[in-house]
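An overview of the molecular structure
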Amino acid sequence: MTRQEWPLYEVFIRSRSGLSHRHAGSVHAADDEMALNNARDTYTRRSEGVSIWVVRSDRIVASDPAETSAFFDPAEDKIYRHPTFYDIPDEVENL
Amino acid sequence: MYTQGLDQAGKSGPDTREAETATQLDAFQARIDAEEKIEAKDWMPEAYRRTLIRQISQHAHSEIIGMQPEGNWLTRAPTMKRKAILLAKVQDEAGHGLYLYSAAETLGVSRDEMVGELLSGKAKYSSIFNYPTLTWADIGAIGWLVDGAAIMNQIPLCRCSYGPYSRAMVRVCKEESFHQRQGYELMLTLCRGTEEQKAMAQDALNRFWWPALMMFGPNDAASSHSAQSMAWKIKRFSNDELRQKFIDVTVPQAEFLGLSVPDEALWFNEDTGHYEHSDIDWQEFFDVISGNGPCNRQRLAKRRKAQDDGAWVREAARAYADKKAAAEAAA
Ligand SMILES: [Fe+2]
Ligand SMILES: [Fe+2]
Ligand SMILES: [Fe+2]
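None of the values given here were measured: they were computed from a predicted structure.

Criteria and thresholds
Residues numbered from 1 in each chain as written. Chains lettered and ligands numbered in written order. Predicted model: local features only at pLDDT ≥ 70, side-chain atom pairs only at ≥ 80, totals over all residues. Heavy atoms only, no water. Helix = DSSP H or I, 4+ residues; strand = E, 2+ residues; numbered from the N terminus. Rg over C-alpha atoms; globule rule 2.2 N^0.38 Å. Buried < 20%, exposed > 50% of the residue type's maximum accessible area, 1.4 Å probe, protein only. Areas by Shrake-Rupley, 256 points an atom, 1.4 Å probe, with all protein chains shown as cover. Lys, Arg positive; Asp, Glu negative; His and termini not counted. Charge placed at Lys NZ, Arg CZ, Asp CG, Glu CD. Contact = heavy atoms within 4.5 Å. Buried area = accessible area lost by both parts, 1.4 Å probe. Salt bridge = Lys/Arg side-chain N within 4 Å of Asp/Glu carboxyl O. Pairing = 2+ DSSP bridges. Axes fitted to C-alpha atoms, helices over the stretch in contact; angles between N-to-C directions. Donors = N, O, S within 2.8 Å, 3.2 Å for Na, K, Ca; no water. Parallel < 35°, antiparallel > 145°, perpendicular 65-115°, else oblique. Nonpolar A, V, L, I, M, F, W, Y, C, P; charged D, E, K, R; others polar. 1 Å grid on protein atoms, 1.4 Å probe; cavity = no way out; pocket = protein on both sides within 12 Å on 5 of 7 lines; lining within 4 Å. Points joined across faces, edges and corners; volume = space filled by probe spheres on them. Patch = residues over 30% accessible without salt bridge, like charges linked within 9 Å, V, L, I, M, F, W, Y side chains within 5 Å. Tetrahedral: all angles 85-135°; square planar, octahedral: opposite > 155°, others 65-115°.

1. Some remarks on the overall build of chain A
What chain A contains, in helices and strands, is two helices and three strands. Helices and strands appear in chain A in the N-to-C order β-β-α-β-α. What you see for chain A is a C-alpha radius of gyration of 22 Å, clearly larger than the 12 Å of a compact globule of 95 residues, by over 25%. Taken along the three principal axes of its C-alpha coordinates, chain A extends 75 × 35 × 15 Å. Out of the 95 residues belonging to chain A, those deemed buried represent 22%. For chain A, the accessible area works out to roughly 7300 Å², and carbon and sulfur atoms hold 51% of it. Of the charged side chains in chain A, 11 are positive and 17 negative, and the gap between their average positions amounts to 12 Å.

Quick look at the structure:
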């Protein structure tokens, strides 16, 4: 018997309106439509969602964990991007 | 638990990766010690990866095989309500298997490889699912004791150092509580019923008590790679600690039902605040885990048949997807 695995999809669920979709896990499916149905059956058996996104896992572009510090480095020395960088006298209110 | 840890870590296949340096290993352990979660693509020692693949896939297989003993009673549940409950529980177990397979896949093993190892008999699953469900009361005993023991083990796994596994366990634990409660309630109903019903509940407890205690795996002294799993924070409590916790909470629940735990020597030690119990029959445990329990052959045969019977569906879905993709490409 030839075994050919169905592609893997990542599943994102919006638990209620007003919130972002959040990664829930993954499912295998032959096509997009089946991926949606499988994601519903696997991850929302107790009404955990009002909206589901599925995306083929091999289509996701991700940053490299080995390069994390180099990749995020440009943000590290820009402390003036934070409000606490600025000294404002106590007498000044609502600022 | 569902991964009773009997085969050795890291014995499968030669390590072809470049050597792991002491610096890498130290940095990794430092992250673990700082309670940082390890994520899928992070650097990790090969032995950590293999231990997790083994543990998570065994856990997944247990959820999948675990549907069979309960599935046995689906068409014979005494009421529509009980049938709907049991069906929902069995569906949850399928879901647990799927969450766990997908967590294991993040470590670079394919679903097909894992399923193949289960079907070939190479992979292990929890010994508990090789016992038969002879009466309806067994469904109550399983929910109460088997899911109860599972919860005991799975709650600390929610804090496991490997992110995808810990997140899968959080999801699983949310669902397990219903499993245990419906089982206990079923037992309670039988115990408040006729003499025969109560006797049936007692018989189920008699048969499931010891196998449930075995779910926690061998005694600490005989448990080969517990120490490493503890250091990696995959495991947080030892087998014996978890087993003791389980006994301490479960004995009073049995008393409430008016049932007796099948252990003549069981007594409550006021000084330690724990129950003391007889020795477990480890020979039985090793027999069951090595394939010679009452139902091992039947469980695997049924799983293989389901896989084979579904082959044409998987192939048809594949062919349909390919055809649709080709049509879209041409349009
Ligand atoms: Fe489960
Ligand atoms: Fe479980
Ligand atoms: Fe369960």
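2. Details of the interface of chain B and chain A
Across the contact, 26 residues belong to chain B and 21 residues belong to chain A. Buried area between chain B and chain A, both sides added, is near 2000 Å², and the carbon and sulfur share of it is 44%. Contact with chain A buries area across many residues of chain B, yet Asp112, Arg171 and Arg318 of chain B alone supply 28% of it, more than any other trio. Taken together, the connections running from chain B to chain A amount to five salt bridges. The partner of Asp92 of chain B in a salt bridge is Arg46 of chain A, and the shortest N-O contact between them spans 2.4 Å.

3. Overview of the pairing of strand 2 (residues 22-28) of chain A
Residue and element names in this part refer to chain A. Judged by how many residues are buried, strand 2 sits mostly within the fold: five of seven residues are covered. Across six bridges, strand 1 (residues 8-14) lies against strand 2 in antiparallel orientation. The residue bridging Glu10 from the neighbouring strand is Ser26, located in strand 2.

4. Brief notes about the sheet that holds strand 2 of chain A
Residue and element names in this part refer to chain A. If you walk across this open sheet you meet the three strands as 2-1-3, and the pairing is antiparallel. The two strands at the open ends of the sheet, each matched to only one other strand, are strand 2 and strand 3 (51-56). Across this sheet, the average inter-strand angle for adjacent strands is 30°, counted without regard to direction. Two strands pair when backbone bridges link them, and strand 1 and strand 3 are joined in this way by six bridges, in the antiparallel orientation. Of the residues in strand 3, the one forming a bridge with Glu10 is Val55.

5. Examining the coordination of the iron ion (ligand 2)
Residue and element names in this part refer to chain B. The iron ion (ligand 2) binds to the protein through Glu63 (OE) and Gln154 (NE2); the donor distances cover 2.1 to 2.4 Å. In this structure, the iron ion (ligand 2) lies 3.1 Å from the iron ion (ligand 1), and both are coordinated by Glu63. You can see Glu63 sitting in helix 2 (residues 46-65) and its partner Gln154 sitting in helix 6 (residues 137-157), a full 91 residues away along the chain. For Glu63, a relative accessible area of 2% translates into the label buried.

6. Quick look at the packing of helix 7 (residues 163-191) of chain B against helix 8 (residues 195-214) of chain B
All names here are of chain B. Two numbers describe how helix 7 lies on helix 8: the axes approach to 7 Å, and their chain directions differ by 140°. For the element pair helix 7 / helix 8, the angle class is oblique. Of helix 8, the residues touching helix 7 (which contributes Met187, Leu190 and Cys191) are Gln197, Lys198 and Ala201. Considered class by class, the residues forming the contact of helix 7 with helix 8 number four nonpolar, one polar and one charged.

7. Observations concerning the layout of surface pockets
Approximately 1500 Å³ is the volume attributed to the largest pocket. Lining the largest pocket are 39 residues, and of these Glu10, His23, Ala24 and Gly25 of chain A together with Arg167 of chain B lie nearest its centre. Going through the elements one at a time, strand 1, strand 2 and helix 2 (68-72) of chain A together with helix 4 (80-105) and helix 7 of chain B are the ones with two or more residues in the lining of the largest pocket. Tallying contributions element by element places helix 7 of chain B first for the lining of the largest pocket, with seven residues. Estimated volume of the second largest pocket: approximately 1100 Å³. Taken together, the residues of the lining of the second largest pocket break down into 15 nonpolar, 10 polar and 10 charged.

8. Quick notes on the environment of Phe246 of chain B
All names here are of chain B. Residue position: Phe246 is located in helix 10 (residues 239-257). Classification of Phe246 as buried rests on a relative accessible area of 1%. Separated by 36 residues in sequence, Phe246 and Trp282 have C-alpha atoms that sit 18 Å apart. Those residues within four positions of Phe246 in sequence are excluded, and the remaining contacts are Leu145, Gly148, Ala149, Met152, Trp209, Ala212, Leu213 and Phe216.

9. Remarks on a nonpolar patch on the surface
Taken together, Ile79, Tyr80, Phe85, Tyr86, Ile88, Val92 and Leu95 of chain A make up a surface patch of nonpolar side chains, about 750 Å² in accessible area. Along the polypeptide, Ile79 of chain A turns up in the segment after helix 2.

10. Observations concerning the coordination of the iron ion (ligand 1)
Residues and elements named next belong to chain B. Here the iron ion (ligand 1) is held by Glu63 (OE), Glu93 (OE), His96 (ND1) and Glu176 (OE), and the distances to it run 2.0 to 2.6 Å. Relative to the metal, the four donor atoms surrounding the iron ion (ligand 1) lie at angles of 85 to 145°, and the coordination shape comes out irregular. All donors of the iron ion (ligand 1) belong to a single chain; written as a sequence motif, their spacing is E-x29-E-x2-H-x79-E. By relative accessible area, His96 is classed as buried at 0%. Residue Glu176 is classed as buried on the basis of its relative accessible area, which comes to 0%.

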